[in-house]
Amino acid sequence: MSSSADLSEIDLASLMCSRLCHDLLSPIGAMNNGLELLADETDPEMRARCIELLTDSARASANKLKFFRLAFGAAGGFGDKVDVNEPRMLIEGLVADKPRVELQWHVTSHLLAKPAVKVLLNLALIGLDGLVRGGQLIIAAEENAGTCEIAVNATGPKVVIDPAVAAALSGDPGQAALSPRTAPAHMIQQIARRSGGDIQLAATPESLVIGAMLRV
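Fair warning: this is a prediction, and the values are worked out from it, not measured in the lab.

What counts, and where the lines are drawn
Residues numbered from 1 in each chain as written. Predicted model: local features only at pLDDT ≥ 70, side-chain atom pairs only at ≥ 80, totals over all residues. Heavy atoms only, no water. Pairing = 2+ DSSP bridges. Helix = DSSP H or I, 4+ residues; strand = E, 2+ residues; numbered from the N terminus. Axes fitted to C-alpha atoms, helices over the stretch in contact; angles between N-to-C directions. Contact = heavy atoms within 4.5 Å. Phe/Tyr/Trp six-rings, centres within 6.5 Å; stacked < 30°, edge-to-face > 60°. Buried < 20%, exposed > 50% of the residue type's maximum accessible area, 1.4 Å probe, protein only. Parallel < 35°, antiparallel > 145°, perpendicular 65-115°, else oblique. Left-handed = near helix turned anticlockwise from the far one by under 90°. Salt bridge = Lys/Arg side-chain N within 4 Å of Asp/Glu carboxyl O.

A. Spotlight on the sheet that holds strand S7 (residues 207-215). Taken together, the five strands give an open sheet; going across it, the order is S2-S4-S5-S7-S6, and neighbouring strands pair in mixed fashion. In this open sheet, the two edge strands, each paired with only one partner strand, are strand S2 (101-107) and strand S6 (198-204). Strand-to-strand, the axes of this sheet are offset by a mean angle of 10°, without reference to chain direction. Pairing of S6 with S7 involves seven bridges; the strand directions are antiparallel. Pairing of Asp198 across the sheet is with Met213, part of S7. Against the sheet, helix H3 (residues 85-95) engages S2 and strand S4 (135-144), with an angle of about 170° to S2.

B. Examining the packing of aromatic side chains more closely. As enumerated under the stated definition, the model contains two aromatic pairs in all. With 5.8 Å between their ring centres and 80° between their planes, Phe67 and Phe68 make a pair best called edge-to-face. As far as burial versus exposure is concerned, Phe67 and Phe68 are alike and both buried. The interplanar angle of 25° and the centroid separation of 4.7 Å between the aromatic rings of Phe68 and Phe72 together place this pair among those described as stacked. With respect to class, Phe68 is no different from Phe72; both count as buried. An aromatic cluster of at least three residues, connected via ring pairs, comprises Phe67, Phe68 and Phe72.

C. Up close: the packing of helix H5 (residues 163-170) against helix H6 (residues 183-194). Between H5 and H6, the least distance of the axes is 7 Å, while the angle of their chain directions is 15°. As the angle between them shows, H5 and H6 are arranged roughly parallel. Considering only the axes of H5 and H6, their crossing is right-handed. Only Ala185, His186, Ile188 and Gln189 of H6 make contact with H5, whose side of the interface consists of Val165, Ala168, Leu169 and Ser170.

D. Up close: the pattern of salt bridges. One pass over the full model with this rule turns up six salt bridges. Among the salt bridges present, the one from Arg19 reaches Asp129, with a minimum N-O distance of 3.3 Å. Taken together, the positions of Arg19 in helix H1 (residues 9-40) and Asp129 in helix H4 (residues 114-130) put the pair 110 residues apart, joining distant regions of the chain. Residue classification places Arg19 among the buried positions, given a relative accessible area of 8%. For Asp129, a relative accessible area of 33% puts it in the partly exposed group. Arg59 is the salt-bridge partner of Asp56, the closest N and O atoms lying 3.2 Å from each other. Within this pair, Asp56 and its partner Arg59 are both found in helix H2 (residues 44-71), separated by three residues, close to a single helical turn. Residue Asp56 is classed as partly exposed on the basis of its relative accessible area, which comes to 32%. One network of salt bridges, with partners in common, ties together Arg19, Asp23 and Asp129.

So this is what it looks like as structure tokens:
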């Protein structure tokens, strides 16, 4: 993989597309399997289960697409600010597919700058990925006097973070092996740095805390 020092914007876009495809492969594959089963199944009960599988997979796919549209893309309208209810609903959509995860939302501002929303969503995704056995995903953010502070805390029986993702968040080019998995972390680290801010994290086997500060 490339190092962050020689990663171009085209390379980063390619890696982000690969990450998007990877995360959508599972629910879309499940939809394909459900359609194949439905075509061959005649038992009413089994057909009902196939339709339930298709419904769940379609909802998961739609939730992920909506999330990635704002987290990775340029969605959010034409203004400089985004209503915080939008990222909240997107994160709730992802958490809905993880019944062992409880979301706690502590965002005091009603509007956040677009770069801050992008950082918040991607940090939430990293925290959610780390809750391999469930737990709590606590998200806090406040924008005041041109500065936005974001904190994501994932706590549970077992919380993990890929060392390469942690290195990308820290902006360590020597340790960050850039790949589709680490590309979002690299992107938001660039966003924070270009705004005059930074990202810090602390990890234990039962907790992951990531904080970001941006000048907006």
